Amino acid sequence: MRALSAREVRDALLSKGFFLDKRPRDHEMYILSVDGKKSDFFFKISRGAAEVRKDEIAHNARQIRVPPSELFSVVSCSYDAQATRELHDRRPPRSGAR
Amino acid sequence: VSAEAFQVDSTFAGDSQFGLSRAQAEPRWSDADRPTFDPALSTRGPLTSLRTVMYLSTVAGRLVAKSPIKVEVSPSQEGRFSVFAPVLGLGGVADTLEAAAQDLASTVESLWDSLVEENPESLTSDAILLADRLRSTFDLAR
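Per chain, the residues get numbers from 1 upward, laid out in the order the sequence is written. For naming, the first written chain is A and the first written ligand is 1, with later ones following in the order written. Thresholds applied to this predicted model are a pLDDT of at least 70 for local features of residues and 80 or more for the giving and counting of side-chain atom pairs; totals over whole chains, interfaces and linings are not thresholded and use all residues. Derived side-chain values reflect all non-hydrogen atoms in the structure, with water molecules and hydrogen atoms excluded from consideration.

Chemist: Please provide a residue-by-residue account of the overall build of chain A, values included.
Modeler: Each helix and strand counted, chain A has four helices and five strands in total. Reading the helices (α) and strands (β) of chain A from amino to carboxyl end gives β-α-β-β-β-β-α-α-α. Taking the principal axes of its C-alpha atoms as reference, chain A extends roughly 35 × 30 × 30 Å. Summed over all atoms, the accessible surface of chain A reaches about 4,700 Å², with 51% contributed by carbon and sulfur. Charge convention: Lys and Arg are scored as positive, Asp and Glu as negative, and His as well as the terminal groups of each chain are ignored. By convention, charge coordinates are those of NZ in Lys, CZ in Arg, CG in Asp, or CD in Glu. Within chain A, one finds 20 positive and 14 negative side-chain charges whose respective centroids are separated by 5 Å. Counting from the N terminus, the helices are the DSSP runs of H or I reaching at least four residues and the strands are the DSSP runs of E reaching at least two. The accessible surface values rely on the Shrake-Rupley method and a 1.4 Å probe; as for residues, cover is taken only from the protein chains in view.

Below, the structure is given as structure tokens:
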């Protein structure tokens, strides 16, 4: 896994079913659309960032419960839209104890 | 994200916890910023955990955590600060602890606006669960 240019990541996400939440924020939030519905499968990029660092990819992966290497495959274009959807579908359920 | 999104007080609550409260006027991130994170430590789990009350701003209004939220602090694989709130399954990563906490706060704000304020019929089942988790963790003051 390596750092990727933010442009490369944006292009990859938008080509695989993610849409950009256009609310004004200090970051860009991309959310995967699944069968026309908003999912909890998201990727966040700092606004104005030139690159997405390795630890940011790993951090995003933890939040959506997928291995960092597989999320890297999504944002680096190794995975196509179908593989991305399959990754979404086979994730463990959301957990978290109070 | 407001600078007061996370505030740390100086109460040392245990071996690996710092007390956090809204009552302290001045954030004291230096308490928790003190460790120099060695990426090699990342395999040993969280170095410390914090309990914090979060104050956030969304399009819908101001969010206040219903109770202090446990936040795990650990080094990222690049030696930066990583925070993670297990109850939410969300976190942040940045060069400083405060910036990592603000990263978490901004994620919560975004997801509140995107999911909680959305018609549930427009959400997947997992997104509904996350929206419910956020709704049960925060109060919204419109």
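Next comes the rest of the write-up.
Chemist: Describe the pattern of salt bridges, listing the residues and the values that go with them.
Modeler: Criterion for a salt bridge: a side-chain nitrogen of Lys or Arg within 4 Å of a carboxyl oxygen of Asp or Glu. All told, the structure shown has 19 salt bridges over all chains when counted by the stated rule. With its nearest N and O atoms 2.6 Å apart, the salt bridge here joins B:Asp103 to A:Lys44. Here A:Lys44 lies in strand E4 (residues 37-46) and B:Asp103 lies in helix H2 (residues 97-116), a pairing that spans two chains. A:Lys44 matches B:Asp103 in its accessibility class, with the two residues each being buried. Close ionic contact of B:Asp95 with A:Arg53 constitutes a salt bridge, the shortest N to O distance being 4.0 Å. Of this pair, B:Asp95 sits in the loop between strand E7 (90-94) and H2 while A:Arg53 is found in the loop between strand E5 (51-52) and helix H2 (54-63), placing the two residues in two different chains. For B:Asp95, a relative accessible area of 52% translates into the label exposed. A simple rule labels every residue: compare its accessible area, found with a 1.4 Å probe on the protein chains alone, to the largest value its type can have, and call it buried under 20%, exposed over 50%, or partly exposed in between. Residue class for A:Arg53 comes out partly exposed when judged on its relative accessible area of 25%. Each of A:Arg53, A:Asp55, A:Glu56, B:Glu78, B:Arg80 and B:Asp95 takes part in one network of salt bridges that share partners.

Chemist: Break down the nonpolar core for me, citing the residues and quoting the values.
Modeler: Judged by nonpolar contacts, the single largest core of 50 residues is most densely connected at A:Phe43, B:Leu90, B:Leu134 and B:Phe138. Looking at which element gives the most residues to this core, the answer is H2(B), with eight residues. Whether two residues are in contact is decided by their heavy atoms: any pair within 4.5 Å suffices. Excluding residues within four positions of it along the chain, B:Leu90 makes contact with A:Phe42, A:Gln63, B:Phe84, B:Ala85, B:Leu104, B:Thr107, B:Val108, B:Leu111, B:Leu130 and B:Leu134. Here the nonpolar core consists of buried residues drawn from Ala, Val, Leu, Ile, Met, Phe, Trp, Tyr and Cys, with membership extended through side-chain atoms lying within 4.5 Å.

Chemist: With reference to specific residues and values, describe the confidence of the model for chain A.
Modeler: pLDDT is a per-residue confidence score from the predictor, ranging from 0 to 100. On average, residues of chain A carry a pLDDT of 91, and 97% of them reach 70 or more. Considering each helix and strand of chain A separately, the mean pLDDT is smallest for strand E2 (residues 18-21) of chain A, with a value of 92, and largest for helix H4 (residues 81-89) of chain A, with 96.

Chemist: Now, about the side chain of A:Arg91: what can you tell me, with residues and values included?
Modeler: Residues and elements named next belong to chain A. With respect to the secondary-structure elements, Arg91 resides in the segment after H4. Take Arg91: its relative accessible area is 9%, and that puts it in the buried class. A polar contact is formed between the side chain of Arg91 and the backbone oxygen of His88, at a distance of 3.1 Å. Here a polar contact is taken to be a pair of N or O atoms separated by no more than 3.5 Å, where protein atoms must pair a possible hydrogen donor with a possible acceptor and residues adjacent in sequence count only if both atoms sit in side chains.

Chemist: Describe in detail unusual backbone geometry, supporting the description with residues and values.
Modeler: Residue and element names in this part refer to chain A. The phi dihedral of Asp35 is positive, around 50°, even though this residue is not glycine. Here Arg65, not a glycine, exhibits a phi torsion of approximately 65°, which is positive. With respect to the element layout, Arg65 can be found in the loop between H2 and helix H3 (68-75). On the accessibility criterion, Arg65 (16% relative accessible area) is buried.

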